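# Descriptive analysis of the structure
Given next are the chains, with one letter for each unit.
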Protein chains: 4
Amino acid sequence: MENQKLKVGIVGGTGYTGVELLRLLATHPDVEIAAVTSRGEAGLAVAELFPSLRGYVDVSFSNPENADLSACDVVFFATPHGVAMRQAPALLASNTKVIDLAADFRLQDSAVFEQWYNMPHSCPDVLQASVYGIAELNREQIKKANVIANPGCYPTTVLLGLLPLLEHAYIDYTAPIIADAKSGVSGAGRKAAVPTLFSEASDNMKAYGVSGHRHHPEIEAQLKQLASADLQFIFTPHLVPMIRGMLTTLYVKLTDDAKAVDLQSVYAQRYEHEGFVDVLPKGSLPETRSVRGSNHLRIALQPQANGYLTVVVVQDNLVKGAAGQAVQNMNIMFGLEEQQGLGVVPLMP
Amino acid sequence: MENQKLKVGIVGGTGYTGVELLRLLATHPDVEIAAVTSRGEAGLAVAELFPSLRGYVDVSFSNPENADLSACDVVFFATPHGVAMRQAPALLASNTKVIDLAADFRLQDSAVFEQWYNMPHSCPDVLQASVYGIAELNREQIKKANVIANPGCYPTTVLLGLLPLLEHAYIDYTAPIIADAKSGVSGAGRKAAVPTLFSEASDNMKAYGVSGHRHHPEIEAQLKQLASADLQFIFTPHLVPMIRGMLTTLYVKLTDDAKAVDLQSVYAQRYEHEGFVDVLPKGSLPETRSVRGSNHLRIALQPQANGYLTVVVVQDNLVKGAAGQAVQNMNIMFGLEEQQGLGVVPLMP
Amino acid sequence: MENQKLKVGIVGGTGYTGVELLRLLATHPDVEIAAVTSRGEAGLAVAELFPSLRGYVDVSFSNPENADLSACDVVFFATPHGVAMRQAPALLASNTKVIDLAADFRLQDSAVFEQWYNMPHSCPDVLQASVYGIAELNREQIKKANVIANPGCYPTTVLLGLLPLLEHAYIDYTAPIIADAKSGVSGAGRKAAVPTLFSEASDNMKAYGVSGHRHHPEIEAQLKQLASADLQFIFTPHLVPMIRGMLTTLYVKLTDDAKAVDLQSVYAQRYEHEGFVDVLPKGSLPETRSVRGSNHLRIALQPQANGYLTVVVVQDNLVKGAAGQAVQNMNIMFGLEEQQGLGVVPLMP
Amino acid sequence: MENQKLKVGIVGGTGYTGVELLRLLATHPDVEIAAVTSRGEAGLAVAELFPSLRGYVDVSFSNPENADLSACDVVFFATPHGVAMRQAPALLASNTKVIDLAADFRLQDSAVFEQWYNMPHSCPDVLQASVYGIAELNREQIKKANVIANPGCYPTTVLLGLLPLLEHAYIDYTAPIIADAKSGVSGAGRKAAVPTLFSEASDNMKAYGVSGHRHHPEIEAQLKQLASADLQFIFTPHLVPMIRGMLTTLYVKLTDDAKAVDLQSVYAQRYEHEGFVDVLPKGSLPETRSVRGSNHLRIALQPQANGYLTVVVVQDNLVKGAAGQAVQNMNIMFGLEEQQGLGVVPLMP
């Protein structure tokens, strides 16, 4: 297989997760970007729309109809919800693997999917065979997967932030798990909309999602599966005036067992061999810029006097929360070095 | 006339100049907001769209068709170009004065208007009778005007920044006048558009207007009139990641006469009795936040060793550059105290 | 008393709470700014340090030693902790009232004060006679007070956010009260420090206060007094890249009584006659810019499916969270209209 | 020389140019970071001060006295002015090359240096042998140099923006060259100071340097040398609320010769083989984020109707304007691939 690069397709290359995939894949040594589709920008050089890619990406956007995606080894969907599930069966039939950065394969219960996304699921069998793409949780399944549901940005922080506790049954589920989450504005995507204009979102902060956020059922389902228990989950997403970055503050009630152990060590051991999850030393708290542009996620524990634990998690929502995690999944699926293409040092300041 | 408040209408109340008019007029003691129109938001309470106005503005948006604007004493047009000129004749016929914050009456030469705005001028006679609303330049005409062309934000800084030089013929027109202007993002308005998204405009700066900016002919026409001479004008607008604020750096070549006088005194004397134009002491330079939210414009002179002069001007683009200047014009037109409703102390920090 | 303005002194006029007091008092019709002290800037015109105040404030900073503060009717302390308590006794002896914006009088238990502020309390008797200055809670005592402990910014949001619940005993104290609070950077003050540099704090978010925040004991003491019960309180402050603004998200477990009532109405009734506390309509969530520059605080309720309630509170940390609340207290102490000098419409955008 | 990495020392590793050198060198395949000195932080792990470097940089800060810099192949000085010139002679004596990111070797005329930096030059002979480190201008000399004066950020934009014109004598020097330059706040460094606090610099813009900026004589000297003519230079630096990024707008009067040629082609040809200088297509204008985090500098030409030319240049002030250019110089000095370690794709958004 030497010298033979993976042929990669990106469907929907004009949004932030699309251009972020391009940024990461542009210098990935084992990858060739074969096609980037966009209905609206077909024919335009990618680097003309995104001058940051001048000299790094030579392809032009192609019309989805004309792109021969089935010739790709893997296709990333950086599209609105509903696109990947329509195209996945045909791609799978031609041995092309699929990594969906939207929600089409995130909810195993297709009734819940339908309720939150207002569309029936078009390929429940593919859904069932898909793998939820958090490498630190499902690495072995990812190796064998043909379809990856790349997790939402918020779920990534909550799940990796609580994983060691969940696996040890260290959470007392009589109290709800609370996730107070804060996201940079790029999480809302690159579509023209008044609420995310600079003059609206800058020097301003708000909670949003009064009627519920679509990541709520995704997180809840994963939590319940990991807990093997029923539990209650309260989730408040907030919008913060920064481009990239997500900080999630988690509040859980500990079991008596948990109070008797050194949770700092529990976390350190759990993530000891994970290249992208960093447990900070006792007494420190992370800031979002410490992961800016990189696939790292950092976790800090702040024990409370009253048997509760606060966990603070940061990531770059566009990298570990989206495109970076997708590339990590691709690397695993194709037997590449897991960190390949993801060696960008965080940009600070 | 005691106790009798001016009845004011605002056409197009959902953009930034519209909501800024509302902010200023809400506490103006001599004004009653009679109607705020919006086709898209008709029926909605203004304070529901703009919660900052809760408790200050009680009216709802009304449909332009239903609003009885002719019952108003004055109507502000905070609309796209072309709206005011269509409605002005009827309003004038019913003794309603018009203040247009768009460009319909800014260019006396209707051929130039047509060239830059891609539409014929629908009421050249009204245009001819209109007054260009910079109080510090045209106060006497404003008193008698029925239609005010409220100046563009960039032109306000250039013209007030050069006025004392122009009036004294202190500029050597063999070299071009250069205006390197920087605007906060709110100048682009409150319409959904990708380039002014937070994630695009934040932590970023650019020059724009390659093919020319519509304020170029407006400034040039005013400069030539004030200079009574032909002259050359170079104008580069830039977009800066701040919500409000405009800073214009002007470069002019001085005449020999000018080199022999104390220009600092010339400026100080010219603006001595102007409540909104502030000439800073020698050796200081202004910053935009020193006028944030207020109708002040500040000017500093920076003499160069080589017979050139640099003039630095700051204003809040939404206030002195738009809504505040419009209220100032209204005050003058109706014989009110010129500073009425404009007493907001700049917000710092 | 007509025509006779209150003589006001400000000790420590160079920080953000100091300059914010100046912004508000500059146009307060019943106030004369008699003295603004600063050891470092003595002799300098206030408006030279803060050009935003040009034309509004004519005084110069005076040396604390030379300022005749005892001739003032009221003195605001916008100083580091420990200054007000040293000067308060002498001022009180000369009939000058004191409003301390630092923490000297916020903790009635002087042992707790000493523990958190590393200094003994120098005037426990004055402390005992002082009043905690939240008008919506202690208006009657404020009327008669000679010394006001102006509350911290975080405590103001937590206490006003929970007041209706606390007064009705609607919180189940078997679960901790959780306050996940987010502050703009101006809360850290105007002192040169690396962590609050633009290049450090911009495009970045973090939790802070690993070893505890001084507002923790302040909030806890007030909560316990209002609850007449022991309770547990978890508090996580975060720093957000905006100049002004504070958003606090509160999580409480409701009692069965509380579940049976319409909490939205409970809040609406509690604050019906409060000019500065605004309960938002059901289904809305506040944003910080809706109070930018103003003394308003807005509250929204978000009921959870599991017997918990989320309360979201926003304020401008420098106004209702500091200088505005101080002016509100002054107005009450001197029998002035409570809203006097506080009529600034929030700046949006 | 295989397998043998360059031993690199960094003097002053706690400022922004220092940490930026660390970011770039951390993944440079031919480099080993041998020593990072800091008097204030000696003993602290670099990654503890800068968590963004966790996992990438393992060294601790060492005390300048103890660091054996003479064992390094090259030492970068990311220090205040005056440090490099004191240490350079000893390092050169032990065959260690020096790259100074401060100003010690930027001005060949030591009298001018003394005037602007208030200190005599301590090693005029080293100064004379040093090379001004713009690779696109002095690549051959850099190859042989032992001491590099790494250019200031502003000079880099002005010189590369005008180089093709200067080399062809296309500028009419009867009019001054005007550089209206805008810098992100990181250009002011990582030292605690009030004017660069977030709450001061955010949502704000200003011109600065009333009494002259130290880059003025540096630019002027280089311009005159390239022009082989006397000329006049007007320079106005501005501070813009962004972390990184510099945009310089240049205004020059063209000679008649210049008006007769296609300047777009002149620029394109001049920089055809330069990996880090990008001439944008006719009709486009650059934005700073298109180079964020990268060593690229982009140039656009905007011809004016009146025989003037506007040139717009962007770079990341910390990379091509400082640390990236320094690494580029190191690569050249040691015969490495010029782009080594500088392959970071710009971070967008």
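Residues numbered from 1 in each chain as written. Chains lettered and ligands numbered in written order. Predicted model: local features only at pLDDT ≥ 70, side-chain atom pairs only at ≥ 80, totals over all residues. Heavy atoms only, no water.

Time to look at the interface of chain A and chain C. Counting residues at the interface gives 45 residues for chain A, matched by 45 residues for chain C. Our count for the chain A to chain C interface comes out at six salt bridges. The partner of Asp180(C) in a salt bridge is Lys182(A), and the shortest N-O contact between them spans 2.9 Å. Our enumeration of links across chain A and chain C arrives at 24 residue pairs in polar contact (both at pLDDT 80 or more). Mapped by element, the contributors of at least two residues to the side of chain A that touches chain C are β8 (177-184), α8 (198-201), β9 (206-207), β10 (233-240), β11 (246-253) and β14 (308-315) of chain A. It is β10(A) that provides the largest number of residues to the side of chain A that touches chain C, a total of five residues. For the side of chain A that touches chain C, the per-class residue count stands at 21 nonpolar, 15 polar and nine charged. (Contact = heavy atoms within 4.5 Å. Salt bridge = Lys/Arg side-chain N within 4 Å of Asp/Glu carboxyl O. Polar contact = N/O pair within 3.5 Å; in protein donor to acceptor, adjacent residues only side chain to side chain. Helix = DSSP H or I, 4+ residues; strand = E, 2+ residues; numbered from the N terminus. Nonpolar A, V, L, I, M, F, W, Y, C, P; charged D, E, K, R; others polar.)

A separate point is the interface of chain B and chain A. Chain B puts 20 residues into the contact, and the matching count from chain A is 20 residues. Linking chain B to chain A there are two salt bridges. In this structure, Glu200(B) and Arg190(A) form a salt bridge, with 3.5 Å as the shortest nitrogen-oxygen distance. Taken together, the connections running from chain B to chain A amount to six residue pairs in polar contact (both at pLDDT 80 or more). For the side of chain B that touches chain A, the element with the highest residue contribution is helix α8 (residues 198-201) of chain B, accounting for four residues. Its residues assigned to classes, the side of chain B that touches chain A comprises 11 nonpolar, five polar and four charged.

Here the focus is the packing of helix α7 (residues 153-167) of chain B against helix α9 (residues 215-227) of chain B. Residue and element names in this part refer to chain B. Where α7 meets α9, the closest approach of the two axes is 10 Å, and the angle between their N-to-C directions is 20°. Between α7 and α9, the interaxial angle falls into the category roughly parallel. Note on packing geometry: the crossing formed by α7 with α9 is right-handed. Residue-level inspection shows Cys 153, Tyr 154, Pro 155, Val 158, Leu 159, Leu 162, Leu 163 and Leu 166 of α7 in contact with α9, the latter providing His 215, Glu 218, Ile 219, Gln 222, Leu 223, Leu 226 and Ala 227. Here the residues of the contact of α7 with α9 sort into 12 nonpolar, two polar and one charged. (Axes fitted to C-alpha atoms, helices over the stretch in contact; angles between N-to-C directions. Parallel < 35°, antiparallel > 145°, perpendicular 65-115°, else oblique. Left-handed = near helix turned anticlockwise from the far one by under 90°.)

Before going further, it helps to examine the relation of the copies chain B and chain A. Between chain B and chain A, which share one sequence, the superposing operator has a rotation angle of 180° and an axial displacement of 0.0 Å; the RMSD is 0.0 Å. In the structure described here, the two chain copies are related by an operation that fits a two-fold rotation axis. A shared binding surface is used by both copies, with 100% of the interface residues of chain B retained as interface residues in chain A. (Least-squares fit on C-alpha atoms with pLDDT ≥ 70 in both.)

Our next topic: the pairing of strand β1 (residues 6-11) of chain D. All names here are of chain D. Counting buried residues along β1, five of its six residues qualify, which places the element largely inside the surrounding structure. Where β1 meets strand β2 (residues 31-37), six bridges bridge the pair, whose relative direction is parallel. For Ile 10, the partnering residue across the bridge sits in β2 and is Val 36. The β-α-β motif built from β1, the intervening helix α1 (residues 16-25) and the parallel element β2 has right-handed crossover chirality. In the sheet, β1 pairs with strand β4 (residues 74-77) via four bridges, with the strands oriented parallel. (Buried < 20%, exposed > 50% of the residue type's maximum accessible area, 1.4 Å probe, protein only. Pairing = 2+ DSSP bridges. Right-handed = clockwise from strand over helix to strand, strands pointing away.)

What follows deals with the packing of aromatic side chains. Taken as a whole and assessed by the stated rule, the structure comprises 14 aromatic pairs over all chains. When the centroid spacing of 5.2 Å and the interplanar angle of 75° are considered together, the rings of Tyr154(A) and Phe235(A) count as edge-to-face. Of the two residues, Tyr154(A) is situated in helix α7 (residues 153-167) and Phe235(A) in strand β10; the sequence distance between them amounts to 81 residues. Exposure class is identical for Tyr154(A) and Phe235(A). Each is buried. Centre to centre, the rings of Phe233(B) and Phe235(B) are 5.9 Å apart; their planes meet at 15°, and the pair counts as stacked. (Phe/Tyr/Trp six-rings, centres within 6.5 Å; stacked < 30°, edge-to-face > 60°.)

This part is about the sheet that holds strand β13 (residues 297-303) of chain A. Paired through backbone hydrogen bonds, the strands of a sheet run either parallel or antiparallel to each other. Residues and elements named next belong to chain A. Here seven strands make up an open sheet; going across it, the order is β9-β10-β8-β11-β14-β13-β12 and the pairing mixed. Because the sheet does not close on itself, it has two edges, and the strands there are β9 and β12 (277-279). By the bridge criterion, seven bridges tie β13 to β14 in an arrangement that is antiparallel. In the sheet register, Leu 297 faces β14, and the bridge partner there is Gln 315. Contacts from α7 reach β8, β10, β11, β12, β13 and β14, with the element oriented near 40° to β11.

So, on to the side chain of Asp100(D). All names here are of chain D. Mapped onto the elements of the fold, Asp 100 is located in strand β5 (residues 97-100). Arg 106 provides the closest opposite charge to the buried, unpaired Asp 100, separated from it by 6.3 Å. At a separation of 3.1 Å, a polar atom in the side chain of Asp 100 contacts the main-chain amide nitrogen of Asp 104. Filtering out sequence-adjacent residues up to four positions away, Asp 100 remains in contact with Phe 77, Ala 84, Phe 105, Ile 148, Ala 149 and Asn 150. (Lys, Arg positive; Asp, Glu negative; His and termini not counted.)

This part takes up the sheet that holds strand β2 (residues 31-37) of chain A. All names here are of chain A. Ordered in space as β3-β2-β1-β4-β5-β7-β6, the seven strands form an open sheet in which the pairing is parallel. The sheet terminates laterally at β3 (61-62) and β6 (131-132), the two strands that pair on one side only. Across the sheet, helix α3 (residues 83-93) touches β4 (74-77), β5 (97-100) and β7 (147-149), and the angle it forms with β4 is around 175°.

Further remarks concern the environment of Gly335(D). You can see Gly335(D) is positioned in the segment after α12 (319-333). Considered as a pair, Gly335(D) and Leu239(D) are 96 residues apart in the sequence and their alpha carbons are 37 Å apart.

This part takes up unusual backbone geometry. Cis geometry is adopted by the peptide bond preceding Pro349(C), which originates at Met348(C) and carries an omega value of 0°. With respect to the helices and strands, Pro349(C) occurs in the segment after α12 (319-333). Even without glycine at this site, Ser228(B) takes up a positive phi of about 50°. Looking at where Ser228(B) falls in the secondary structure, it is placed in the loop between α9 and β10 (233-240).

Another point: the domain arrangement of chain A. How big an interface is tends to be expressed through the accessible area that disappears when the partners come together. Residue and element names in this part refer to chain A. Split into domains, chain A comes out as domain 1 (6-129) and domain 2 (154-317). Computed over C-alpha atoms only, the centres of domain 1 and domain 2 are separated by 27 Å. When the two sides are added together, the surface that domain 1 and domain 2 hide from each other amounts to roughly 1,100 Å², 55% of it contributed by carbon and sulfur. When the buried area of domain 1 at its contact with domain 2 is split by residue, Tyr 16, Arg 106 and Trp 116 rank highest and sum to 51% of it. At the junction of domain 1 with domain 2, the criterion picks out two salt bridges. Salt-bridge contacts for Arg 244 lead to Glu 20; the nearest nitrogen and oxygen are separated by 2.7 Å. (Domains from an automatic or database assignment. Buried area = accessible area lost by both parts, 1.4 Å probe.)

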